[in-house]
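# Structural overview
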Amino acid sequence: MSKRSAIETDQTPVSDGRHSKRQRVENISEGKRKPLASSSEPIVSARQLQRLLTFQQGAAAELRSGIQSFKTLLDAILYSTDDSEKPRQQAILREYLELQRLKDSAESDAIFLPDLIQTWAYATETNFEQLLSAVTALLALLLKVLSRELEFREYGISLCKTILQQSQVKLFGRSLSIHSNKEFIISPSLRLLTEVVSFDGGLLARQVYAKREYTFDARTLARNLGLWKASSEHNAEESRKPSVRSNAVRYLLAHLKYQDEGGKSDILKQGNVLRALFEHINTDPPALAVELLDVVKNHVMLDKSISRKSKSYVLAERNLTSIARLYKSQPADEPPSELRKLPDAAAHEFLLLVCTSPEMGIMLPSFGWYPPGMEKDDHDESRDPEDDVVFGIGFGSTSKYEKKVPIRNIVLAQFAQSLRPYANVLEQELLLAIFKSSPELVADYFSKKSTFAFDPKLTATWIGYSSFLFSTIQLPVPQYLGRRLEYSSYPPPTPIVIESVLPQPLSQKVLTRCLNQTSELVTFFAVRILTVAFQKLEHVLKEFKRASADGSSLWEQASQRLVTEFCQRCPQMSVAMSAFRNTSANNIMQREAVTRLLALYYRIVPQIALNEKFDISIPLSTALVPTEGSDETHSEREVRLLEIEHLVQIARFSPNMRWWQKPETLHHSPFMTLLNLMATSAKDSHTGLKSLLVFVIREHGILQPETSPSALDALITSIQDSNGTTSNQVLDFVDDCLGRFVKRPIKYQDDLDALSEPTSKKANISHHCPFSVFTMTLLEQWIYKSSAEAKTNAIEELSQWLSRFLYLLKHIGEDELLLSRVAESMAESSKTHRKTFKTAFDSKGKEWVKDSLELVSNKANIAREDKTTDRSPLVEKSGLNGEASLELPPQEDNNHPGLNRWRQKELEENIEDGNVGELLLCLSSRHVDIRLQALTNTRQLIAKIESAKNPEWEQIGLLLNETVETARTIIDEIPMPYTATAFAVRAMVVLMDPTHFMFPKLNKFLNRGPSWNVEKLPSYWTENVLRKEPDEDDGFHKEVNWLLDLFIDCIRTIEDMEIFRARNIFERILSFYTSPICWFRIKEKILRLLFRATAVGGSTTLITRSGILSWIQAQIALKDGHEVMLKQLALRLFATCDQAKVHDWSSGSVKDMMGGLAGGKQAICNITET
């Protein structure tokens, strides 16, 4: 408390000790004009203190001196420096307080410390401002001392009750509302009220607020909260004194701490008070600003008793913006140890809490990328079917979201616009957290943020904005795209999705300029942003694919539209190629980033990438050159290997890659260089390199892939000797043999056939063991080499390598007899090295070769496991990688919008949008009334078609009539099987396009009769597609693909499964899987069909009637590339079947078989538990 000089009076008292009214006013006014210093005397007894504080109207100087003496005593107790004196001082205070307690103190109107209270009232009535300030400050200090010691508690309560009496509490109203320049009166009053509210843990806080007419007037408090002062307005001594605002803030915070739920809620409704509280928070001392935010957070926002609506009053957009100004605050002058946290950190913590937590009151629950109106749950019975017509199904309606995006979190959206993510890291982190919790705001933010251009300028602002855009794109895709429990039946609007993938500031023009910049840093930022954008696009497309499990074409259309929009914003492939060519070979970090981007172009938007002519041979060869030297550091070599992996991914997609042509810059062909790199690299696994080598080997049939380890693993192992080095002579020889094999593969197949011929009638070569045809090329070239260079060192190295390679081929399980004949032929061609080949299959001295092979094989296995990322819960428990979803059937919509949606549009639009299809699916509803309504509506639709008299719709009418005739006889008792309704839906799509490859066969089917035998539908189409010639020359594969899609869509219930079982459909499909004409993608779709069967309860049937587990075991042994998916199918079958029935049927053998597939008994136990 600041010391104030006493007022001395020159007046001599009259004999009666009283003054006239005129004299008293004149003397006081003179005293106010002439403030004089007062002196204080040490307090040694309570009687002395009582005498000094005795109220006398004419003894102002003595009274001021007594107040000063009492203050000195209280300061000594509160801030004691001498522990020996403190007990004596406390005893004096206790005795004085006891003397001041009246005998009738138990009465409610009893006054404690009557002299001080009378002095306070006197100073207020007479406008004696200096005395009023001094006595108010003394009472506040006294309460502060009393609150520190438990033995003074009763005295403190008595004083607080006295202060809150009506006669005293009115004094606050005048003091708090006095002119704003008299802070020496306002501040002590606020401090006194703060002490009363805080005393004994807020014991009397409710009583203080109950008299809010005088103690908590909203207008007065709001004004006082605005009375702040800058440190430059006063001298150093004055600037250290708390401002009126500081005292008002602490007073308000005391109420927020100690009021009950009702009091806090009432305070929070005072909008002008809250606005004033936060408006000048950036001018508060750092410690006070931190305390303010902590109190509001802990006692308001985290108080569960306060309603969400009341909390929302605190978080007006203006208040949030005021708090965000603390991000610009300078560090405090105090040492860090004296300040727990800085204001910007406290503001960041507070804003993160309130802006990302729905229970705080400002963040409204949103639905990700679905705007308001589209977010209703599919199973909400209150849903209006017309909502679907308005919002979505079709994409014409999404154009309205391109300029303005409707949102729910309007306050957060306005607040987000005021943040500066490019200038402050904490503001960027806050905005990203808001985007993550409310994904709907991303599109809104960028649609309104058109003032900041992303034109490439290497400034701090541009770099900060680039970092913000990069982090925004990296935000995760909302679960279920924003829905609560499952994917919606329709996709979110593309204009909203694209803003989270590639925001508006990143236009094609701007990104092209960035990639063409001479500044490497600008180019690098642009490349990294595009890279994460491609990765985000890939993730979103996967989510769309998962959401389209019901076979709806809407999701496929949405994916195409999203890719189209993305391609319109990202730079052309030629621009990225130009950036790659302009990147220096020494800048390995940038080259790795650009090649990663190019690989993403090829992988995600191949339709654009393949339109550009890009010869990958030269860049790949250039990248492989440094790997042949040893002057690079380990880190540089690792980055270079990443670049090579990206280039080989591009090479895999490139149709013009010259694998076997040796460029001038390399010692060997690109394939041989990669092979050598795999053998010599110290990295644990290079998934891209290994998968590419396997792809090229399989494409040309060079080595057999059936064994494990494979022949490629044996080749990689063999080219290194026991010291871990490779010989150039061996590499040259293998490279030459590879080139010869690729040019004349049939010639070496003929050589193999000749080698396989029996040498006698009893001899017979088994063809069950695999064998690599490439070995015949090695044999041919060895015979030539051995005759030309009989005794050179190169021949010696070649003979040793061939011996190792043959040994490894035998070790991995290739045909032993054929390998023996090859070794004999090699031995006969060279007498010098005959012994080497005679002992080629001896293990003596070759133990290290086995260890090396095992290491290479483990690398390959790790690579395959790391490459697979999508796992189902079942497969994760068994430790296997998953490559297929569970193909769960779509569930019936409880609202059945298809009953009425077809009325809103023209027939052609209804068919394209799937509305007529939804109507037909209602015939399979489990509810009788829905089925009958669907039948009636279908008849109405037929009448509408017939009245149109459009010849193009005659076939549609015929299809609907046959559907009605088929359903009419059964839907009263049971639902129409999805086998029929799903077929009708897909047939309608075919009939709308006369050029469709299935159009002729479908017309033949419709002309067979007025109704269908539903049980024979699957067998009819299986027979007509798989066993009959297609109507188009190249249409067989397309017809099979259409048939499998139809079957997957048909199987939705156990009744559908029974139809397929009765007609032996699965046996025919499994037989077709093993035929040579069944190609890779169709096999994958067949496995999806089997997954669908397991999802509807058909696992037991497939195991016991179709013998599918034995079939899976046989297909895994053939290694057709679907081993992981087949294992996952086996696990799914076992997990969803009637295990007791299967166990009895197989006498326990199925469990042993599954243990082998799952990797042990523990894995199978996990599956059983699942």
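Residues numbered from 1 in each chain as written. Predicted model: local features only at pLDDT ≥ 70, side-chain atom pairs only at ≥ 80, totals over all residues. Heavy atoms only, no water.

An unreviewed UniProt entry lists the protein chain under the name Nucleolar pre-ribosomal-associated protein 1, with Glonium stellatum given as the organism.

With that settled, consider the overall build of the protein chain. When you go through the protein chain residue by residue, the secondary structure sums to 63 helices and 0 strands. For the protein chain, the residues scored as buried account for 52% of the 1170 residues in total. Partitioning the intrachain contacts of the protein chain with sequence separation of at least 6 by distance along the chain shows that 74% fall at a separation of at least 24. Accessible area for the protein chain stands at about 53,200 Å²; split by element, carbon and sulfur atoms hold 49% of it. (Helix = DSSP H or I, 4+ residues; strand = E, 2+ residues; numbered from the N terminus. Buried < 20%, exposed > 50% of the residue type's maximum accessible area, 1.4 Å probe, protein only. Contact = heavy atoms within 4.5 Å. Areas by Shrake-Rupley, 256 points an atom, 1.4 Å probe, with all protein chains shown as cover.)

On to the side chain of Asn224. Assignment of secondary structure puts Asn224 in helix H12 (residues 218–225). Within the local environment of Asn224, its side chain forms a polar contact with the backbone oxygen of Leu176, the two atoms lying 3.4 Å apart. Excluding its chain neighbours within four sequence positions, the residues that come into contact with Asn224 are Leu176, Ile186, Val244, Arg245 and Ala248. (Polar contact = N/O pair within 3.5 Å; in protein donor to acceptor, adjacent residues only side chain to side chain.)

The next thing to look at is unusual backbone geometry. Phi at Asn127 is positive, roughly 60°, even though this residue is not glycine. Residue position: Asn127 is located in the loop between helix H5 (114–125) and helix H6 (129–148). The exposure class of Asn127 is partly exposed, given its relative accessible area of 35%.

The subject of this paragraph is the pattern of salt bridges. Between side chains of opposite charge, a pair can form when the charged atoms approach closely. For the coordinates displayed, the defined rule picks out 35 salt bridges. A salt bridge links Lys341 to Glu349; the shortest N-O distance between them is 3.1 Å. Residue Glu349 is classed as partly exposed on the basis of its relative accessible area, which comes to 34%. The partner of Lys810 in a salt bridge is Glu816, with the nearest N and O atoms 3.5 Å apart. Note on Glu816: relative accessible area 46%, which makes it partly exposed. Here the salt bridges do not stand alone but share partners, grouping Asp294, Lys297, Lys341 and Glu349 into one network. (Salt bridge = Lys/Arg side-chain N within 4 Å of Asp/Glu carboxyl O.)

On the surface, a cluster of positive charge is contributed by Lys1004, Arg1008, Lys1016, Lys1028 and Arg1063. By secondary structure assignment, the location of Lys1004 is in helix H52 (residues 999–1006). For Lys1004, a relative accessible area of 54% gives the class exposed. (Patch = residues over 30% accessible without salt bridge, like charges linked within 9 Å, V, L, I, M, F, W, Y side chains within 5 Å. Lys, Arg positive; Asp, Glu negative; His and termini not counted. Charge placed at Lys NZ, Arg CZ, Asp CG, Glu CD.)

Before going further, it helps to spend a moment on the packing of aromatic side chains. According to the stated counting rule, one finds 39 aromatic pairs in the structure shown. Measuring from centroid to centroid gives 4.9 Å for Phe534 and Phe566, while their planes differ by 70°, and the two rings are edge-to-face. Taken together, the residues span a long stretch of sequence, with Phe534 in helix H28 (residues 520–547) and Phe566 in helix H29 (residues 553–569) at a distance of 32 residues. Phe566 shares its class with Phe534; the two are buried. A ring pair is formed by Tyr1073 and Trp1111, whose centres lie 4.8 Å apart and whose planes are at 70°; its orientation type is edge-to-face. One end of the pair, Tyr1073, is in helix H56 (residues 1065–1073); the other, Trp1111, is in helix H59 (residues 1108–1118), with 38 residues separating them in the sequence. There is no split in this pair, since Tyr1073 and Trp1111 are both buried. Taken together, the ring pairs in this structure connect Tyr422, Phe435, Tyr445, Phe446, Tyr465 and Phe468 into an aromatic cluster. (Phe/Tyr/Trp six-rings, centres within 6.5 Å; stacked < 30°, edge-to-face > 60°.)

In this section: a negative patch on the surface. A cluster of acidic side chains, namely Glu906, Glu908, Glu909 and Glu952, defines a negative patch on the protein surface. Mapped onto the elements, Glu952 comes out in the loop between helix H49 (928–948) and helix H50 (954–968).

On to the packing of helix H26 (residues 494–501) against H28. Two numbers describe how H26 lies on H28: the axes approach to 9 Å, and their chain directions differ by 140°. Regarding the angle of H26 to H28, the classification is oblique. From H26, Val497, Ser500 and Val501 reach across to H28, where they touch Ala533, Lys536, Leu537 and Val540. Class assignment for the residues of the contact of H26 with H28 results in 5 nonpolar, 1 polar and 1 charged. (Axes fitted to C-alpha atoms, helices over the stretch in contact; angles between N-to-C directions. Parallel < 35°, antiparallel > 145°, perpendicular 65-115°, else oblique. Nonpolar A, V, L, I, M, F, W, Y, C, P; charged D, E, K, R; others polar.)

For the rest of this paragraph, the subject is the environment of Leu252. Topologically, Leu252 is positioned in helix H14 (residues 244–258). Relative accessible area serves as the criterion here: at 0%, Leu252 is assigned to the buried category. For the pair Leu252 and Phe216, spaced 36 residues apart in sequence, the C-alpha separation works out to 8.9 Å. For Leu252, the residues in contact, after removing those within four places along its chain, are Phe216, Leu221, Leu225, Ile267, Val273 and Leu277.

Glancing now at the packing of helix H51 (residues 978–991) against helix H53 (residues 1017–1026). Here H51 crosses H53 at 50°, and the two axes come no closer than 10 Å. Comparing their axes, H53 and H51 come out oblique. Mapping the contact onto sequence places Thr979, Ala980 and Phe983 in H51 and Leu1017, Pro1018 and Trp1021 in H53. Classifying every residue of the contact of H51 with H53 gives 5 nonpolar, 1 polar and no charged.

The terminal C-alpha atoms of helix H31 (residues 588–604), which comprises 17 residues, lie 24 Å apart, in line with the 24 Å expected from a rise of 1.5 Å per residue. In terms of burial, H31 is largely enclosed, as 14 of its 17 residues are buried. (Expected span 1.5 Å × (residues − 1).)

Judged by nonpolar contacts, the single largest core of 258 residues is most densely connected at Phe70, Leu93, Trp120, Leu293, Leu351 and Trp801. A total of 13 residues in this core trace back to one element, the largest contributor, which is H28. Among all residues touching Leu351, those that are not within four sequence positions of it are Leu320, Ile323, Ala324, Tyr327, Phe415 and Leu430. Within the second largest apolar cluster, 91 residues are counted, among which are Leu899, Leu960, Phe1005 and Ile1065. (Core = buried A, V, L, I, M, F, W, Y, C linked by side-chain atoms within 4.5 Å.)

On to helix H17 (residues 286–301), then. Relative to the 22 Å expected for 16 residues at 1.5 Å per residue, H17 spans 21 Å between its end C-alpha atoms, a close match to the ideal helical length. Among the 16 residues in H17, 12 count as buried, and that is most of the element. Of the surrounding elements, those touching the buried residues of H17 are H14, helix H15 (261–268), helix H16 (271–279), helix H18 (308–314), helix H19 (317–324) and helix H20 (343–356).

What follows is about the confidence of the model for the protein chain. The predicted model of the protein chain has a mean per-residue pLDDT of 80, with 83% of residues at 70 or higher. Predicted confidence for residues 1–38 stays below pLDDT 50, and this span has 46 contacts to residues more than four positions away or in other chains. (pLDDT = per-residue confidence, 0-100.)

Structurally, Lys297 can be placed in helix H17. Given a relative accessible area of 11%, Lys297 falls into the buried group. Ignoring sequence-local partners within four residues, the contact set of Lys297 consists of Leu302, Glu349, Phe350 and Leu353.

A separate point is the environment of Asn587. Locating Asn587 in the fold gives a position in the loop between helix H30 (573–582) and H31. With 67 residues separating them along the chain, Asn587 and Glu520 place their C-alpha atoms 9.4 Å apart.

Within the fold, Thr777 resides in helix H40 (residues 774–788). Considering only alpha carbons, one finds Thr777 and Gly739, 38 residues apart in sequence, at a separation of 9.9 Å. Setting aside residues up to four positions removed in sequence, Thr777 forms contacts with Cys737, Arg740, Phe741 and Tyr748.

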